[in-house]
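The primary structure of each chain is shown beneath.
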Amino acid sequence: LRVLAALAAAVVLPTALALASTLAPPERRGRHLAAVMTGLTGAVLLGVPLGTWIGSLWGWPATFVFCGVLGLVALALAARTLPGDLVEEEHRTLSDLVRPLVDRTVAAVLVITVLTVAGNLAFQTYVAVVLAGLSGVTPVVLGVLLVCSGIGGLLGAQASGHLVDRFGPLRTLRGSVTLF
């Protein structure tokens, strides 16, 4: 189930980003893309504790059922709210899908993204051990710190949209990677 959920998420996020980019006016494209990423960050911030809570009350299968129900609700909302004329009849081959990876710019952005996200996830993986070992942070305080980190992620996603619209994607990317 976890692998299927990951595969679905791997399709939903790029699709949502493509829709946001397509539907946004050019001068607000960064903010629209940031709204999608804010949704992703918010989903993690709310979803992980909620899924853990549901699992502790009714068992882990209930968490997966809940996620399935949320997916069906999202599908129904998408069907009701997205314009119907967005459907493309274009058929793409596997080579069409892989071709962008050969583009030097796309490959560079992909490598930068992978390294940055991997660094962030590695940090989050060991932050509990480091904080407990260095300063005796309790699980409750760690939970508060992780929520604060998630709120920082929400604010950062929103700020990135404004920065991209104002300074462009390349300057924003350089600045954010440097800051990270």
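The preceding data block contains the structure.
None of the values given here were measured: they were computed from a predicted structure. (Residues numbered from 1 in each chain as written. Predicted model: local features only at pLDDT ≥ 70, side-chain atom pairs only at ≥ 80, totals over all residues. Heavy atoms only, no water.)

K.L.:
Even after reading the chapter, I still don't get the overall build of the chain, so can you show me in this structure?
P.N.:
The helix and strand tally for the chain stands at 7 helices and 0 strands. In the chain, the succession of helices and strands from N to C terminus is α-α-α-α-α-α-α. Sorting the 180 residues of the chain into buried and exposed places 11% on the buried side. Counting 11 positive and 8 negative side-chain charges, the chain places the centres of these two groups 12 Å from one another. (Helix = DSSP H or I, 4+ residues; strand = E, 2+ residues; numbered from the N terminus. Buried < 20%, exposed > 50% of the residue type's maximum accessible area, 1.4 Å probe, protein only. Lys, Arg positive; Asp, Glu negative; His and termini not counted. Charge placed at Lys NZ, Arg CZ, Asp CG, Glu CD.)

K.L.:
Where do I start with the pattern of salt bridges in this structure?
P.N.:
It is possible for side chains bearing opposite charge to pair when their charged atoms get close. Across all of its chains, the model carries 1 salt bridge by this definition. We note a salt bridge from Asp165 to Arg31, for which the minimum N-O separation is 2.9 Å. You can see Asp165 sitting in helix H6 (residues 139-167) and its partner Arg31 sitting in helix H2 (residues 29-58), a full 134 residues away along the chain. Among the residues examined, Arg31 registers a relative accessible area of 28% and is labelled partly exposed. (Salt bridge = Lys/Arg side-chain N within 4 Å of Asp/Glu carboxyl O.)

Functional significance is not addressed by these values, which are geometric in nature.
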